[in-house]
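# Coordinate inspection notes
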Amino acid sequence: MRAVRPISFALLLVLVAPLAACSAQPGAHAWAAVVCTTLSPWRSEIDTLTSRTQQQMTSKTTPGQAKENLARLFDGASTASEKAREGVEQAGVPDVDNGQAIADGFLSSLAGIRDAYGHARTGIEALATAPSQDFYTEVGKVVSQLTSDYERSSLDTTKLESVELRQAFDSLPECQ
């Protein structure tokens, strides 16, 4: 059996070290920065879409126009939520205690929110626009279900607490 040559061992270290660095989990600050950078535009988009939905519910439009506008708004919120979910997924798993559970919790919450908006869009698209009073009553039911589904998708941070992540989220300008 031959001894490993020093040059071969050195070459192995040179090749393995970058691979190990690539597979390392991001630290709490790095992960929180990516997550906050991803979620900031998503929150703005959801706030805008929520405001538009409320305006749509109170404005005087035909049921057909309201149906089209609401379906478009809910589709936009679903798409924005999926984009945010993908961004958090790309952030990886934070290198903290329970990092996998925390990352999974964020992903699950965003997937649930995406699905809630998708179901609302499908619900709106399925509504008959006549008679108009019935249409608006049914829209109210769809929006109520959306609210319920959205709340069920909320991330329960009491079970996913990490001191390092809490400090990162509290201190990073991206998270303010």
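This report concerns the structure included in the present document. (Residues numbered from 1 in each chain as written. Predicted model: local features only at pLDDT ≥ 70, side-chain atom pairs only at ≥ 80, totals over all residues. Heavy atoms only, no water.)

What follows concerns the pattern of salt bridges. A complete count under the given rule lists nine salt bridges for this structure. Between Glu-82 and Arg-85 there is a salt bridge, with its nearest N and O atoms 2.9 Å apart. With Glu-82 and Arg-85 both in helix H3 (residues 63-91) and three residues apart, this pair spans about one turn of that helix. Comparing Glu-82 with Arg-85, the two get one shared label, buried. Arg-114 serves as the salt-bridge partner of Asp-115, at 2.9 Å between the closest nitrogen and oxygen. Take Asp-115: its relative accessible area is 34%, and that puts it in the partly exposed class. (Salt bridge = Lys/Arg side-chain N within 4 Å of Asp/Glu carboxyl O. Helix = DSSP H or I, 4+ residues; strand = E, 2+ residues; numbered from the N terminus. Buried < 20%, exposed > 50% of the residue type's maximum accessible area, 1.4 Å probe, protein only.)

Once that is clear, we can look at the packing of helix H2 (residues 28-58) against helix H4 (residues 99-125). Packing of H2 against H4 leaves a shortest axis separation of 13 Å and a crossing angle of 15 degrees. Between H2 and H4, the angle falls in the class roughly parallel. With respect to the hand of their crossing, H2 and H4 are arranged in left-handed fashion. Facing H2, whose interface residues are Trp-31, Val-35, Leu-39, Trp-42, Ile-46 and Thr-50, H4 presents Ile-102, Ala-103, Phe-106, Leu-110, Ile-113 and Tyr-117. (Axes fitted to C-alpha atoms, helices over the stretch in contact; angles between N-to-C directions. Parallel < 35°, antiparallel > 145°, perpendicular 65-115°, else oblique. Left-handed = near helix turned anticlockwise from the far one by under 90°. Contact = heavy atoms within 4.5 Å.)

As a further point, take the layout of surface pockets. Here the largest pocket defines a volume of roughly 400 Å³. Along the walls of the largest pocket sit 19 residues, with Leu-39, Phe-106, Leu-155, Thr-157 and Phe-169 positioned nearest its centre. Contributing elements (two or more residues each) for the lining of the largest pocket: H2, H4 and helix H6 (163-171). Class assignment for the residues of the lining of the largest pocket results in 13 nonpolar, three polar and three charged. Looking at the lining of the second largest pocket, the element that brings in the most residues is H2, giving six residues. Taken together, the residues of the lining of the second largest pocket break down into 10 nonpolar, four polar and one charged. (1 Å grid on protein atoms, 1.4 Å probe; cavity = no way out; pocket = protein on both sides within 12 Å on 5 of 7 lines; lining within 4 Å. Points joined across faces, edges and corners; volume = space filled by probe spheres on them. Nonpolar A, V, L, I, M, F, W, Y, C, P; charged D, E, K, R; others polar.)

So, on to the nonpolar core. Core analysis: the biggest nonpolar cluster contains 42 residues, and Trp-31 and Phe-169 have the highest contact counts within it. Those elements that place two or more of their residues in this core are H2, H3, H4, helix H5 (132-152) and H6. Discounting chain neighbours no more than four positions away, the residues touching Trp-31 are Pro-26, Val-88, Ala-91, Gly-92, Val-93, Pro-94, Ile-102, Ala-103, Phe-106, Leu-165 and Phe-169. (Core = buried A, V, L, I, M, F, W, Y, C linked by side-chain atoms within 4.5 Å.)

Right, let's talk about unusual backbone geometry for a bit. The step from Ala-130 to Pro-131 runs through a cis peptide bond, and the omega angle for that step is -10 degrees. Positive phi, normally seen in glycine, also occurs at Asn-98, with a value near 60 degrees. For Asn-98, the location among the structural elements is in the loop between H3 and H4. When its relative accessible area of 53% is taken as the criterion, Asn-98 is described as exposed.

Attention now goes to the packing of aromatic side chains. Remark: the centre distance and the inter-plane angle together describe each pair of aromatic rings, the angle taken between the planes. For the coordinates displayed, the defined rule picks out six aromatic pairs. An angle of 70 degrees between the planes, with centres 6.3 Å apart, marks the rings of Trp-31 and Phe-169 as edge-to-face. Of the two residues, Trp-31 is situated in helix H2 and Phe-169 in helix H6; the sequence distance between them amounts to 138 residues. The buried category is assigned to Phe-169, whose relative accessible area is 17%. Look at Tyr-117 and Tyr-150: their rings are 5.7 Å apart centre to centre, the planes differ by 80 degrees, and that puts the pair in the edge-to-face class. Here Tyr-117 is found in helix H4, whereas its partner Tyr-150 is found in helix H5, with 33 residues between them in sequence. (Phe/Tyr/Trp six-rings, centres within 6.5 Å; stacked < 30°, edge-to-face > 60°.)

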